Amino acid sequence: MGAEFGRRSGGQTRFSQWLHRRPKQDPGDEAARREELLLAAAGAGLPLAPAAHPEGYLCSCARMGCPTPARHPVSFAWQTQSTTDKGQVERWARHQPEANFITATGMVHDVLDVPLQAGREALQTLDAAGVDVGPVAETGDGRMLFFTMTRGTPEDEDEWWPCELDAHPDTDDDSPGLRWHCRGSYVLVPPARLPGEGPGVSWLRGPEHPLPDPLTLLPHLTDASARHTGEHDPTTAWPLGR
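Since the structure is predicted, the reported quantities are computational estimates derived from the model, not experimental observations.

**Some remarks on the environment of leucine 48**
Okay, so step 1: Mapping leucine 48 onto the fold places it in strand E3 (residues 48–51).
Okay, so step 2: The spatial distance from the C-alpha of leucine 48 to the C-alpha of glutamine 88 is 9.6 Å, given a sequence separation of 40 residues.
Okay, so step 3: Those residues in contact with leucine 48, other than ones at most four positions away along the chain, are Leu38, Ala41, Ala42, Gln81, Ser82, Thr83, Val89, Trp92, Phe101, Ile102, Thr103 and Val189.

**Description of the confidence of the model for the protein**
Okay, so step 1: Confidence in the prediction for the protein averages 82 pLDDT; 74% of positions are at 70 or higher.
Okay, so step 2: Confidence over residues 159–164 falls short of pLDDT 50; this stretch has 21 contacts with residues more than four positions distant or in other chains.
Okay, so step 3: Predicted confidence for residues 232–242 stays below pLDDT 50, and this span has 22 contacts to residues more than four positions away or in other chains.

**Structural notes on the environment of glutamate 98**
Okay, so step 1: One can find glutamate 98 in the loop between helix H4 (86–95) and strand E6 (100–104).
Okay, so step 2: Sequence separation between glutamate 98 and alanine 51 is 47 residues, and the spatial gap between their C-alpha atoms is 9.5 Å.
Okay, so step 3: Aside from chain neighbours lying at most four places away, what touches glutamate 98 is Arg34, His53 and Arg193.
Okay, so step 4: At a separation of 3.0 Å, a polar atom in the side chain of glutamate 98 contacts the side chain of arginine 193.

**Points about the packing of aromatic side chains**
Okay, so step 1: Scanning the entire structure with this criterion turns up three aromatic pairs.
Okay, so step 2: Centroid distance tryptophan 78 to tyrosine 186: 4.9 Å. Interplanar angle 75°. Geometry classified as edge-to-face. Here tryptophan 78 is found in helix H3 (residues 78–81), whereas its partner tyrosine 186 is found in strand E11 (residues 186–189), with 108 residues between them in sequence. Both residues of the pair, tryptophan 78 and tyrosine 186, belong to the buried class.
Okay, so step 3: Considering the side-chain rings of phenylalanine 147 and tryptophan 203, the 5.1 Å spacing of their centres and the 55° angle between planes classify their relative orientation as tilted. Pair noted here: phenylalanine 147 is in strand E9 (residues 143–149) and tryptophan 203 is in strand E12 (residues 201–205), with a separation of 56 residues, a long-range link. Each of the two residues, phenylalanine 147 as well as tryptophan 203, counts as buried.

**With respect to the environment of valine 133**
Okay, so step 1: Inspection of the secondary structure assignment puts valine 133 in the loop between helix H5 (116–128) and strand E8 (136–139).
Okay, so step 2: We classify valine 133 as buried; its relative accessible area is 2%.
Okay, so step 3: Along the sequence, valine 133 and aspartate 213 sit 80 residues apart, while their C-alpha atoms lie 9.0 Å from each other.

**A look at the sheet that holds E3**
Okay, so step 1: The three strands are arranged E3-E6-E11 in an open sheet whose pairing can be described as antiparallel. Single-partner strands in this sheet number two, and they are E3 and E11. Going from strand to strand, the sheet's axes swing by 40° on average, the running direction of each strand aside.
Okay, so step 2: Direction of pairing for E6 relative to E11: antiparallel, over a ladder of four bridges. The residue bridging threonine 103 from the neighbouring strand is valine 187, located in E11.
Okay, so step 3: Strands E3 and E6 of the sheet are contacted by H4, whose axis makes an angle of about 15° with E3.

Cut-offs applied
Residues numbered from 1 in each chain as written. Predicted model: local features only at pLDDT ≥ 70, side-chain atom pairs only at ≥ 80, totals over all residues. Heavy atoms only, no water. Helix = DSSP H or I, 4+ residues; strand = E, 2+ residues; numbered from the N terminus. Contact = heavy atoms within 4.5 Å. pLDDT = per-residue confidence, 0-100. Polar contact = N/O pair within 3.5 Å; in protein donor to acceptor, adjacent residues only side chain to side chain. Phe/Tyr/Trp six-rings, centres within 6.5 Å; stacked < 30°, edge-to-face > 60°. Buried < 20%, exposed > 50% of the residue type's maximum accessible area, 1.4 Å probe, protein only. Pairing = 2+ DSSP bridges. Axes fitted to C-alpha atoms, helices over the stretch in contact; angles between N-to-C directions.

Here is the structure:
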């Protein structure tokens, strides 16, 4: 699943060093950087598909009152369309230079999605405890995304179990605390732009980091989210295994 992509070197990955040292870029360089980041994500095993992009404060889909502007796939077939094929991702990136991209969850990886301040608090705790956190992204609308291994996609549908934390972008407003994006969901993958002039979605720790088991992060993220949102602990409402 691309866990070997960009091994650590001297406490920093080559990917991280490049992010911090790269000079200011002109639009052509920015397009090349976008393509490189998308190919890095695909190379790390994250299945990608094109998504809508912002047009000012609106969405490129031109849907009146779009509930998730610039945050949704452009195709209804995004689950079958999403791919890690670098050739296809490169073609999409070049033919759709304004497009954001989503990564489909529940096939190779899941995403634990928490309020930004809760994520920063939990990340500090996890680092202090020496837990391998894996890829982490921040969004300009106040969320932090922790990329983890998926909890499974069994061949027998009866063996797959949902839980109260399961999330989908269309219902995000119903879950201000911790959201677990697994089968049937997606998140924006960096680099992505959001409507308005604020920041978009960017890597805090890149996809070269191996994906961790979600259950090693879940208690810390649940506790931090509960403190920041005042929600009850939803992990008491579902089993931690099949």
